[in-house]
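In case you want the letters, here they are:
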Amino acid sequence: MKNPILKNKAYLYLTEFFAGMSVMAVELGASRLLAPYFSSSQIVWTIIIGTIMIAMALGNIMGGRWADKNPNPDKLYGRIIIAAIWIALIPVAGKYIVIGISALLVFTISTNFLVIAAFVACMVVFVFPLFLLGTVTPSLVKYTVDSLSDSGKVVGYLNASNTIGSIIGTFVPTFISIPAVGTSITFLIFAGILMLLAIIYFAAGKTKSVKAAAGAVIFIISCVFGHGDSFAFWEHGLTFEGESIYNYLQVYEDDTKVVLSTNVLFGVQSVYRKEKTLTGMYYDYAMAAPYMAGMKEKDRIDILILGMGTGTYATQCSRYFDNVSIEGVEIDQKITDLAREYFELPNDIKVTTYDGRAYLQGLASSGDERKFDVIMVDAYQDITIPFQMSSVEFFTLVKERLTDDGVMVVNMNMKSDGDRGINQYLGDTICKVFDTVYTSDVQYSTNRELFASNNPAMLERFRAGVETETDPELVQMMTKVEDGLIRYEGGSLILTDDKAPVELLGMSAIDAIIREEVDYYKKIYDEKGFQGVMEAF
């Protein structure tokens with residue numbers, strides 16, 4: 001007996017609508033699930049889009065074959081239930097699968113770790129449910145087309161329903177559900193929509209469905225165990241864990257420090273020392289920039305920080321220097337809120353929520369003629385290097401906002417000394433804009449600080465400023481910076497707005513860092529296997 005609900009084509013269009021919406025919601029959820037472990041770079045997005053397109057293409061092919069072979073709508077809505085169950089289980093098991101895949105691959109591959117691990121994770125976690133959703137369109141065509149005379153119109157309506165659903169499924173997770181309730185609950189919401197859609201179908205036909213009953217039970221269990229937002233499930237006692245529009249955010253602290261991490265696999269982004277001393281990190285090295293800009297000779301030094309983060313550099317400068325005026329730009333308002341709450345960012349330091357480059361362009365378009373003695377660029381986060389803040393055009397904008405003897409300091413957080421590495425590209429590009437460039441490696445870290453100016457006496461001014469410094473802690477730190485300063489001579493590896501392959505360059509640097517970090521454990525793995533690695537931890 002044919003299900004009476006199929007007489008109403010609006011329900012079939014509704015099925016197509018929610019299928020399209022769910023595909024895009026899962027795609028955006030995939031980016032958030034993977035970002036804490038693999039970053040949110042263009043490479044990761046390419047992998048997500050590519051694997052999802054593979055799933056959808058296979059779904060279209062098999063959906064058409066199944067619809068011709070057995071045109072039973074029960075089969076389609078049964079597949080929708082299975083897809084809903086799988087999507088609902090992603091918040092429960094997804095992060096464990098991602099970490100498990102990463103742990104296995106990190107000991108077996110030495111290059112392209114991010115690409116391979118992210119691709120395998122996508123294939124395992126996301127391809128199957130989206131493959132099932134890919135069968136929806138060809139199946140619905142079979143059920144909705146009554147005659148050849150209106151087949152074009154019906155197929156057009158189905159595609160329009162799918163497209164409109166996809167549009168809404170793009171905006172709702174990004175601007176509503178993920179910021180409001182998180183990635184996990186977003187998966188559950190759209191799994192619930194699909195589940196409800198299928199249950200209504202079977203209920204309308206008064207058909208007993210084991211799949212529907214089992215699916216409802218599994219969905220309820222997933223809601224109980226999968227609603228948490230903890231990506232770093234091995235961590236305990238976190239001060240804060242949550243999400244913003246741009247980032248996964250984690251704050252943890254101990255007796256001496258407060259730490260912000262936006263990527264649980266590749267270190268930390270900000271550190272604040274509770275004892276209010278120097279951090280021992282790159283922020284201290286970057287404090288050489290005000291000396292280079294003539295801080296000891298001026299009544300006031302104006303500092304602009306592009307990529308404010310939790311404001312550690314601003315806090316350090318305001319604490320140790322009494323003649324600085326600081327403002328920052330940070331694209332993620334949530335990070336600024338955390339900076340005020342947990343990292344003691346002074347309330348009198350202005351922070352604008354904006355993209356760093358767009359902020360500089362906005363100053364020009366608004367007629368603001370302010371210039372700064374120091375501009376710090378601290379917007380590079382692991383592999384996530386915004387190309388628009390790495391090009392000749394960007395650094396030219398920075399130079400135009402510096403005083404004649406002003407200094408730009410750039411935190412390059414992936415130390416790469418190999419030929420044609422990311423830091424060589426950045427260094428050559430900066431030398432195309434600035435006459436005088438020095439670098440200094442941060443001890444016990446992958447960070448490298450770059451100082452650039454059009455003042456040829458930048459280094460002499462730095463030395464003169466340090467000689468008049470009365471704080472012994474600062475003198476010791478600046479001496480360490482000077483000992484590591486190396487004059488950078490520019491080459492021909494120039495990044496432009498048109499061509500800036502920073503994702504691939506960053507991936508190569510990450511591969512090198514991973515190889516270095518896990519080499520010790522690889523040796524143990526080769527000798528004693530996985531059990532030996534666990535004992536070493």
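The structure under discussion appears in the preceding block.
No experiment lies behind these values; they were computed from the predicted model shown.

Reading the values: rules and limits
Residues numbered from 1 in each chain as written. Predicted model: local features only at pLDDT ≥ 70, side-chain atom pairs only at ≥ 80, totals over all residues. Heavy atoms only, no water. Helix = DSSP H or I, 4+ residues; strand = E, 2+ residues; numbered from the N terminus. Buried < 20%, exposed > 50% of the residue type's maximum accessible area, 1.4 Å probe, protein only. Contact = heavy atoms within 4.5 Å. Areas by Shrake-Rupley, 256 points an atom, 1.4 Å probe, with all protein chains shown as cover. Axes fitted to C-alpha atoms, helices over the stretch in contact; angles between N-to-C directions. Parallel < 35°, antiparallel > 145°, perpendicular 65-115°, else oblique. Left-handed = near helix turned anticlockwise from the far one by under 90°. Nonpolar A, V, L, I, M, F, W, Y, C, P; charged D, E, K, R; others polar. Pairing = 2+ DSSP bridges. Right-handed = clockwise from strand over helix to strand, strands pointing away. Polar contact = N/O pair within 3.5 Å; in protein donor to acceptor, adjacent residues only side chain to side chain. Salt bridge = Lys/Arg side-chain N within 4 Å of Asp/Glu carboxyl O. Core = buried A, V, L, I, M, F, W, Y, C linked by side-chain atoms within 4.5 Å. Phe/Tyr/Trp six-rings, centres within 6.5 Å; stacked < 30°, edge-to-face > 60°.

**Digging into the overall build of the protein chain**
Across its full length, the protein chain carries 19 helices and 12 strands. When each of the 537 residues of the protein chain is scored for burial, the buried share is 55%. Summarising the internal contacts of the protein chain: among those between residues at least 6 apart in sequence, 72% fall at separations of at least 24. Total accessible area on the protein chain stands at roughly 23300 Å², and carbon and sulfur atoms take up 58% of it.

**Quick word on the packing of helix H3 (residues 73-106) against helix H4 (residues 113-125)**
Put simply, H3 and H4 touch, their axes get as near as 9 Å, and they point 150° apart. As the angle between them shows, H3 and H4 are arranged roughly antiparallel. In this structure, H3 meets H4 at a crossing whose hand is right-handed. For the pair H3 and H4, the contacting residues are Trp86, Ile90, Ile97, Val98, Ile101, Ser102, Leu105 and Val106 in the first and Phe113, Ile116, Ala117, Val120, Ala121, Val124 and Val125 in the second.

**Regarding the packing of helix H15 (residues 392-400) against helix H16 (residues 422-433)**
Where H15 contacts H16, the axes come no closer than 9 Å and their chain directions differ by 50°. Taken together, the axes of H15 and H16 lie oblique to each other. As for the relative orientation of H15 and H16, their crossing is right-handed in sense. Mapping the contact onto sequence places Val392, Phe395, Thr396 and Lys399 in H15 and Thr429, Ile430, Lys432 and Val433 in H16. Classifying every residue of the contact of H15 with H16 gives four nonpolar, two polar and two charged.

**A short note on the pairing of strand S5 (residues 301-306)**
Within S5, six of the six residues are buried, leaving the element largely enclosed by the surrounding structure. As judged from the six bridges shared by S5 and strand S6 (residues 324-329), these two strands associate in the parallel manner. Note that in S6 the partner of Ile305 across the bridge is Gly328. The β-α-β motif built from S5, the intervening helix H12 (residues 312-320) and the parallel element S6 has right-handed crossover chirality. As paired elements, S5 and strand S8 (residues 372-377) share four bridges and run parallel to each other.

**Observations concerning the environment of Asn323**
Relative to the helices and strands, Asn323 is located in the loop between H12 and S6. Linking Asn323 and Asp302, residues 21 residues apart in sequence, is a C-alpha distance of 8.7 Å. In this view, Asn323 contacts Met295, Lys298, Asp299, Arg300 and Ile301; residues no more than four positions away in its chain are not counted. Within the structure, Asn323 has its side chain in polar contact with the backbone oxygen of Lys298 (distance 3.1 Å).

**Some thoughts on the pattern of salt bridges**
Tallying each qualifying case throughout the model produces 15 salt bridges. With its nearest N and O atoms 2.7 Å apart, the salt bridge here joins Asp497 to Arg357. Note that Asp497 is positioned in the loop between strand S12 (486-487) and helix H19 (502-536) and Arg357 in helix H14 (residues 356-365), a separation of 140 residues in sequence. What makes Asp497 partly exposed here is its relative accessible area of 28%.

**With respect to the nonpolar core**
Leu34, Phe38, Tyr77, Phe113, Phe126, Leu130 and Leu140 are the most contacted members of the largest nonpolar core, which totals 71 residues. Once residues lying within four places of it in the same chain are set aside, the contact partners of Leu34 are Ser39, Val44, Ile48, Val98, Ala121 and Cys122. Counting residues in each nonpolar core, the second largest holds 43 residues, with Ala288, Ala289, Met292 and Ala314 among its members.

**Here we look at the sheet that holds strand S10 (residues 436-441)**
On the basis of which strands lie adjacent, the open sheet formed by eight strands has the order S7-S6-S5-S8-S9-S11-S10-S12 and mixed pairing. Pairing within the sheet leaves two strands with one partner each, and these edge strands are strand S7 (350-352) and S12. Here H14 sits on the sheet in contact with S5, S6, S7 and S8, set at roughly 130° to S5.

**Remarks on H12**
Extensive coverage of H12 is indicated by the burial of seven of its nine residues. The set of residues buried in H12 consists of Thr312, Tyr313, Ala314, Thr315, Gln316, Cys317 and Tyr320.

**Section: the side chain of Thr439**
As for its position among the elements, Thr439 is in strand S10. By relative accessible area, which is 10% here, Thr439 ends up buried. Setting aside residues no more than four positions away along its own chain, Thr439 makes contact with Arg448, Glu449, Leu450, Gly484, Leu485, Ile486 and Tyr488.

**With respect to the packing of aromatic side chains**
What the rule picks out here adds up to 14 aromatic pairs. Their ring planes at 25° and their centres at 6.3 Å tell us that Phe126 and Phe187 sit as a pair that is stacked. Placement of the pair is Phe126 in the loop between H4 and helix H5 (127-134) and Phe187 in helix H8 (residues 183-204), with a sequence separation of 61 residues. Residue Phe126 is classed as buried on the basis of its relative accessible area, which comes to 2%. Note on Phe187: relative accessible area 4%, which makes it buried. Their ring planes at 40° and their centres at 6.5 Å tell us that Phe240 and Tyr342 sit as a pair that is tilted. You can see Phe240 sitting in strand S1 (residues 240-243) and its partner Tyr342 sitting in helix H13 (residues 333-342), a full 102 residues away along the chain. Residue class for Phe240 comes out buried when judged on its relative accessible area of 18%. Using a relative accessible area of 22% as the deciding quantity, one classes Tyr342 as partly exposed.

Any link to function would need more than the numbers given here.
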